[in-house]
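# Remarks on the overall topology
What follows is each chain in one-letter form.
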Amino acid sequence: MNKRLIRETSTFFKEKFNQASSYHILSPGRINLIGEHIDYNDGSVLLGTIDKIVCFAISKSNTDVSSIIAKDLGERLSFRLHDNSPKEKDGWIGYFYGVLDELKKRTLRIENFNLVFSSNIPMGSGLSSSAALECGFGFALNVLFDLKLTKLEIVKIGQQAENNFAGVKCGIMDQFANIFGQKNHILKLNCHTLETEYHRLQLDEYSLVLLNSGVKHTLLDSSYNNRREECAQGLAAIKKHFPQVNTFRNCTENQLYQIENELEKTIFKRCLYVIQEINRVPQAFDALKKRDYDKLGKLLYKSHKGLNELYEVSCSELNFLVAHTFDESGVLGARMMGGGFGGCTINLIRKDCETAFKTKIKIAYEKEFNIPLHSYQVNLSNGTSCIQVEQIATSS
Ligand code: GLA
């Protein structure tokens with residue numbers, strides 16, 4: 001599927017710019033097995049990059065204008081690199097300007113370029129299409145202009161583009177996964193120290209399936225920044241009583257309960273969720289390593305319950321999808337994934353039940369919400385990479 005996307009992006013580039021593209025950058029979407037809303041609370045998360053990508057075709061431009069074409073949307077942005085007038089922040093354009101802005105802050109010099117991008121990552125579905133745009137673009141400019149950015153710098157440029165330009169105070173996990181993902185591996189990222197550990201995913205008779213609720217979220221609309229603020233308030237209150245606690249990582253539930261009466265109910269719930277989710281991640285990683293899928297499944301369900309009842313970032317469609325798995329003996333666990341308020345659920349399913357389950361839940365969901373339900377198999381792939389034109393013929 002990606003082979004076709006790459007070829008079509010490349011051909012389209014040639015047609016529009018009358019030159020061949022020099023590089024093709026493949027920038028994947030990501031899954032988060034567990035560890036939601038804790039990247040900005042210093043927890044660890046279990047990530048993977050998937051075989052759904054944004055493909056960028058890029059070349060230097062021989063005019064004094066740069067152009068970016070969003071092939072799938074039929075939209076084009078042309079601009080002069082050194083034009084300092086205020087820039088559009090909405091939609092895909094904001095992510096590109098955001099990255100350019102971060103490069104400018106670092107006084108990295110680039111020249112004019114032409115770019116086409118096309119994607120098969122469903123947008124706004126919790127698969128981090130925005131990080132794929134930001135990091136893929138940063139990666140593309142790095143290659144084209146030999147900027148000598150490290151992988152981690154590209155991650156940070158992507159994150160800061162989102163924080164500073166798009167205005168979403170996201171954590172680091174989406175951009176980190178996008179760049180550091182490895183084929184067939186789950187990446188455990190400690191978001192406090194940025195230490196990583198890779199684990200080859202072997203699910204034996206199980207597989208991971210995503211169900212896309214079709215409810216699109218944008219993180220700004222979804223009170224994401226507000227959740228961050230609530231957590232910061234909670235942590236400040238905890239620190240006042242327990243100065244030894246410097247992050248949620250070393251705060252216990254017991255400590256939180258000791259100051260329950262002094263916290264607003266909402267703040268208390270947010271903190272409780274964060275502390276519990278931070279503790280679930282190492283348990284889940286351990287379960288993965290021991291191939292204890294029952295345990296892993298239970299942790300997914302607990303994570304969803306916390307996200308719904310304590311963190312309050314779920315919605316009726318996601319809850320329906322998760323609740324419909326309770327009586328399915330072949331499903332070991334499910335939870336909403338990503339920022340929330342829409343997007344996908346991630347499900348741990350026994351392979352031999354998968355087809356029947358997908359058919360059944362599709363019928364039930366569409367009857368209830370009148371929204372088409374799409375499902376995707378999770379195939380863990382590599383993080384953002386560059387392929388040469390000659391490689392296109394052989395890419396998968
Ligand atoms: C979005 C953000 C991430 C993370 C998740 C929730 O995807 O971009 O940084 O906070 O939500 O886990």
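Worth saying up front: this structure is predicted, and the values here are computed from it rather than measured.

For the chain, the count of helices and strands is 11 helices and 13 strands. The C-alpha radius of gyration of the chain comes to 21 Å, within 12% of the 21 Å expected for a compact globule of 396 residues. Counting only C-alpha atoms, the chain reaches 65 × 50 × 40 Å along its principal axes. In the chain, buried positions account for 58% of the 396 residues. Long-range contacts, defined as pairs at least 24 residues apart, comprise 73% of the intrachain contacts of the chain with a sequence gap of at least 6.

Here we take up the sheet that holds strand β11 (residues 374-377). The strand order across the open sheet formed by 4 strands is β9-β10-β8-β11, and the pairing between neighbours is antiparallel. Both edges of this open sheet fall to β9 (331-336) and β11, since each of them pairs with a single strand only. The average angle at which neighbouring strand axes cross in this sheet is 25°, direction not considered. Alignment of strand β8 (residues 206-212) against strand β10 (residues 344-350), held across 7 bridges, turns out to be antiparallel. By the bridge assignment for β10, Leu211 is matched with Thr345. On top of the sheet, helix α11 (residues 354-369) reaches β8, β9, β10 and β11; it is set at about 15° to β8, its chief contact.

Attention now moves to helix α10 (residues 316-323). In an α-helix, one full turn covers 3.6 residues, which means residues spaced three or four apart are oriented alike. Those residues of α10 that fall on the buried side of the exposure criterion are Glu317, Leu318, Phe320, Leu321 and Val322. As for α10, its buried residues are in contact with β8, α9 (293-309), β9, β10 and α11.

A separate point is the pattern of salt bridges. Taken as a whole and judged by the stated rule, the model has 19 salt bridges. A salt bridge links Lys105 to Glu102; the shortest N-O distance between them is 2.9 Å. Here Glu102 and Lys105 lie together in helix α2 (residues 91-105), a separation of 3 residues that amounts to about one turn. Classification of Glu102 as buried rests on a relative accessible area of 2%. With its nearest N and O atoms 3.5 Å apart, the salt bridge here joins Glu312 to Lys269. Of this pair, Glu312 sits in the loop between α9 and α10 while Lys269 sits in helix α8 (residues 265-289), and the two are 43 residues apart along the sequence. Judged by its relative accessible area of 18%, Lys269 is buried. Salt bridges sharing partners connect three or more residues here, namely Glu230, Lys269, Arg270 and Glu312.

As a further point, take the domain arrangement of the chain. Split by domain assignment, the chain resolves into domain 1 (2-199 + 380-394) and domain 2 (203-377). Put simply, the middle of domain 1 and the middle of domain 2, counted by C-alpha atoms, are 26 Å apart. Contact residues are listed per partner, giving 37 residues for domain 1 and 42 residues for domain 2. Summed over both sides, the interface of domain 1 with domain 2 buries roughly 3300 Å², with 66% coming from carbon and sulfur.

What follows concerns the site of the ligand. Around the ligand, 13 residues are found, and the nearest of them are Glu36, His37, Asp39, Asp174 and Tyr224. Between an oxygen atom of the ligand and a side-chain N or O atom of Glu36, the distance comes to 2.6 Å. A distance of 2.9 Å separates an oxygen atom of the ligand from a polar backbone atom of Gly171. Relative to its free-state accessible area of 300 Å², the ligand is covered by the protein chains to the extent of 97%. Within the shell around the ligand, the residues separate by chemical class into 5 nonpolar, 4 polar and 4 charged. For the shell around the ligand, the two domains that each supply at least three residues are domain 1 (2-199 + 380-394) and domain 2 (203-377).

Attention now moves to the side chain of Asn163. Relative to the assigned elements, Asn163 resides in helix α4 (residues 151-166). Exposure remark for Asn163: the relative accessible area of 13% places this residue in the buried category. Side-chain polar atoms of Asn163 contact the backbone oxygen of Cys170, separated by 3.2 Å.

The next subject is the pairing of strand β2 (residues 44-60). Of all 17 residues that make up β2, 15 are buried, and the element is covered over most of its length. As paired strands, strand β1 (residues 23-34) and β2 are joined by 10 bridges and run antiparallel to one another. Bridge pairing in β2 places Pro28 opposite Ile53. Relative to strand β6 (residues 185-190), β2 runs antiparallel, the two being bridged by 4 bridges.

Glancing now at the environment of Gly383. Mapped onto the elements, Gly383 comes out in the loop between β12 (380-381) and β13 (385-388). Here Gly383 falls in the buried class, since its relative accessible area comes to 7%. With 336 residues separating them along the chain, Gly383 and Leu47 place their C-alpha atoms 11 Å apart. Setting aside anything within four residues of it in sequence, one finds Gly383 in contact with Leu26, Pro28, Thr49, Ala177, Asn178, Ile179, Gly181 and Gln182.

Turning to α11, a few remarks are in order. Taking 1.5 Å of rise per residue, the 16 residues of α11 would be expected to cover 22 Å, and the 22 Å separating its terminal C-alpha atoms lies within 8% of that figure. Among all positions in α11, only Glu354, Phe357, Ile361 and Tyr365 are buried. The buried residues of α11 all sit within an arc of 60° when viewed along its axis, so they share a single face. When the buried face of α11 is taken as reference, the exposed residues oriented beyond 90 degrees from it are Thr355, Ala356, Lys360, Ile363 and Lys367. Tucked inside the fold, the buried residues of α11 contact β8, α10, β9, β10 and β11. Phi turns positive, to about 55°, at Asn370, one or two residues after α11.

Basis of the calculations
Residues numbered from 1 in each chain as written. Predicted model: local features only at pLDDT ≥ 70, side-chain atom pairs only at ≥ 80, totals over all residues. Heavy atoms only, no water. Helix = DSSP H or I, 4+ residues; strand = E, 2+ residues; numbered from the N terminus. Rg over C-alpha atoms; globule rule 2.2 N^0.38 Å. Buried < 20%, exposed > 50% of the residue type's maximum accessible area, 1.4 Å probe, protein only. Contact = heavy atoms within 4.5 Å. Pairing = 2+ DSSP bridges. Axes fitted to C-alpha atoms, helices over the stretch in contact; angles between N-to-C directions. Salt bridge = Lys/Arg side-chain N within 4 Å of Asp/Glu carboxyl O. Domains from an automatic or database assignment. Buried area = accessible area lost by both parts, 1.4 Å probe. Near = heavy atom within 4 Å. Polar contact = N/O pair within 3.5 Å; in protein donor to acceptor, adjacent residues only side chain to side chain. Areas by Shrake-Rupley, 256 points an atom, 1.4 Å probe, with all protein chains shown as cover. Nonpolar A, V, L, I, M, F, W, Y, C, P; charged D, E, K, R; others polar. Expected span 1.5 Å × (residues − 1). Arc of directions from axis to C-beta.

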